[in-house]
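Chain residues, written in single-letter form:
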Amino acid sequence: MQHNGTQQNDSSAPVALVVVAHHRGDSLTAHIGRNTVAQLEAAGYRVDLLDLHAEGYDPRMNTEDQPDWGNRDKAYSTETQDHMRRILAADIVIAAFPVYWMSVPAILKGWIDRVWNYGFAYGRSKPRLAGKRMLWLGLAGATADDAIVPAMTEALDAQLSAGIAYYCGFAHSSVALLPDAEERPQRVDDAGNLSIGDAISGDLREQHYREFDRKAAAFVEEFLAADRVPA
């Protein structure tokens, strides 16, 4: 791997593409992304870390990437072709992102729009991404007991697993929602009123985020374990 991930010497090891979609390197999302990279490397993966903001990725679709939408063999921009190669090289893809409006941030959606393009990710009788596995790690500000959480999970799964990954031939796709991402608990009542609690601090804050890290790591482990089960 020639990108931001740590390269391992074993060329026979499976490859993981970890996509981080957050504008701040000190964010909880970026932290979970780094933890995921370390977890994957410990599990024997070679990791390609794609930090979309750090790499200056432009999420806007352009005519260079869509000069003739109906031509599935069209030439793509140099930037998009590079990202396509990174996906093709990966056995698994894990995306870490904050949940915005029960969906993904614009930069992640734009990466999908430009890179998972017609003729590459879909539009062929034999999908080029067939056999790959995908995990979507979504960090949500809602508390775990907020009534919106089941609906949020369902909406993300419909969009990301059914609407994108399976449509593009992935063998497996799952959404792992991580609520309680905010220091100040947030809840919306039946009338739509938002209540924001006091910020946690000290030992309670440390405990809160240790548990958050544990849950994220458990989702990743569960995802990897499915690969170890004989068909």
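Residues numbered from 1 in each chain as written. Predicted model: local features only at pLDDT ≥ 70, side-chain atom pairs only at ≥ 80, totals over all residues. Heavy atoms only, no water.

Going by the annotation in an unreviewed UniProt entry, the name recorded for the protein chain is NAD(P)H oxidoreductase, with Nocardia huaxiensis given as the source organism. Recorded in UniProt under Sequence similarities (unreviewed entry), the annotation for the protein chain is "Belongs to the NAD(P)H dehydrogenase (quinone) family." (UniProt positions renumbered as here; feature names shortened; annotations may be inferred.)

Our focus in this paragraph is the pattern of salt bridges. Here the idea is simple: oppositely charged side chains can pair when their charged atoms come close. Scanning the entire structure with this criterion turns up nine salt bridges. Note that R86 is salt-bridged to D48, the shortest N-O span being 2.9 Å. Highlighted residues: R86 in helix α2 (residues 78-89) and D48 in strand β2 (residues 46-51), separated in sequence by 38 residues. The exposure class assigned to R86 is buried, which follows from its relative accessible area of 5%. Among the salt bridges present, the one from R86 reaches E55, with a minimum N-O distance of 3.0 Å. Placement of the pair is R86 in helix α2 and E55 in the loop between β2 and α2, with a sequence separation of 31 residues. Connected via shared salt-bridge partners are D48, E55 and R86. (Salt bridge = Lys/Arg side-chain N within 4 Å of Asp/Glu carboxyl O. Helix = DSSP H or I, 4+ residues; strand = E, 2+ residues; numbered from the N terminus. Buried < 20%, exposed > 50% of the residue type's maximum accessible area, 1.4 Å probe, protein only.)

The subject of this paragraph is the nonpolar core. Considering soluble globular proteins, one finds that nonpolar side chains tend to be buried as a cluster. Grouped together as the largest cluster of nonpolar side chains are 39 residues, with contacts concentrated most on V19, L52, F97, L108, W111, W116 and W136. Elements with a contribution of two residues or more to this core: β1 (15-20), α2, β3 (92-98), α3 (106-115), β4 (133-139), α4 (148-165) and β5 (172-178). Of all the elements, α4 adds the most residues to this core, at six residues. Ignoring anything within four residues of it in the chain, the contact list for L52 reads V19, V20, A21, Y57, I107, L108 and W111. Counting residues in each nonpolar core, the second largest holds 24 residues, with Y45, V47, Y209 and V220 among its members. (Core = buried A, V, L, I, M, F, W, Y, C linked by side-chain atoms within 4.5 Å. Contact = heavy atoms within 4.5 Å.)

All right, on to α4 then. Since the α-helix turns once every 3.6 residues, residues separated by three or four places project in the same direction. Taking 1.5 Å of rise per residue, 18 residues should cover 26 Å, and α4 covers 24 Å from first to last C-alpha, within 8% of that figure. For α4, the principal kink sits at D157 and spans about 30 degrees. Along α4, the residues classified as buried are V149, M152, L156, L160, S161, I164 and A165. The inward-facing, buried residues of α4 contact β3, α3, β4 and β5. (Expected span 1.5 Å × (residues − 1). Bend = angle between axes of the 7 residues up to and from the residue.)

As for its placement among the helices and strands, W69 is situated in the loop between β2 and α2. Residue classification places W69 among the partly exposed residues on the basis of a relative accessible area of 43%. Sequence-wise, W69 and L160 are 91 residues apart; in three dimensions their C-alpha atoms are separated by 22 Å. If we ignore the near neighbours within four places in the chain, the residues touching W69 are K74, Y118 and Y122.

This paragraph deals with the packing of α2 against α3. Orientation of α2 relative to α3, taken along the N-to-C sense of each, is 95 degrees, at an axis distance of 10 Å. Taken together, α2 and α3 sit at an angle that is classed as roughly perpendicular. Residues E79, T80, H83, M84 and I87 of α2 form the contact with α3, whose participating residues are W111, R114 and V115. A class-by-class count of the residues in the contact of α2 with α3 yields four nonpolar, two polar and two charged. (Axes fitted to C-alpha atoms, helices over the stretch in contact; angles between N-to-C directions. Parallel < 35°, antiparallel > 145°, perpendicular 65-115°, else oblique. Nonpolar A, V, L, I, M, F, W, Y, C, P; charged D, E, K, R; others polar.)

Now for the layout of surface pockets. Of the voids in this model, the largest pocket is the one considered here, and its volume is about 780 Å³. If you go around the largest pocket, you meet 30 residues; those closest to its centre are A140, G141, A142, E182 and Q186. Elements supplying a minimum of two residues to the lining of the largest pocket: α1 (28-42), α4 and β6 (186-188). When residues in the lining of the largest pocket are grouped by element, the largest group, three residues, is from β6. Here the lining of the largest pocket is built from residues that sort into 16 nonpolar, five polar and nine charged. The calculated volume of the second largest pocket comes to roughly 180 Å³. Only α3 and α4 provide two or more residues apiece to the lining of the second largest pocket. Considered class by class, the residues forming the lining of the second largest pocket number nine nonpolar, three polar and two charged. (1 Å grid on protein atoms, 1.4 Å probe; cavity = no way out; pocket = protein on both sides within 12 Å on 5 of 7 lines; lining within 4 Å. Points joined across faces, edges and corners; volume = space filled by probe spheres on them.)

Moving on, we get to unusual backbone geometry. A positive phi angle is found at W101, which is not glycine, with a value near 50 degrees. Along the chain, the position of W101 falls in the loop between β3 and α3. By relative accessible area, which is 86% here, W101 ends up exposed.

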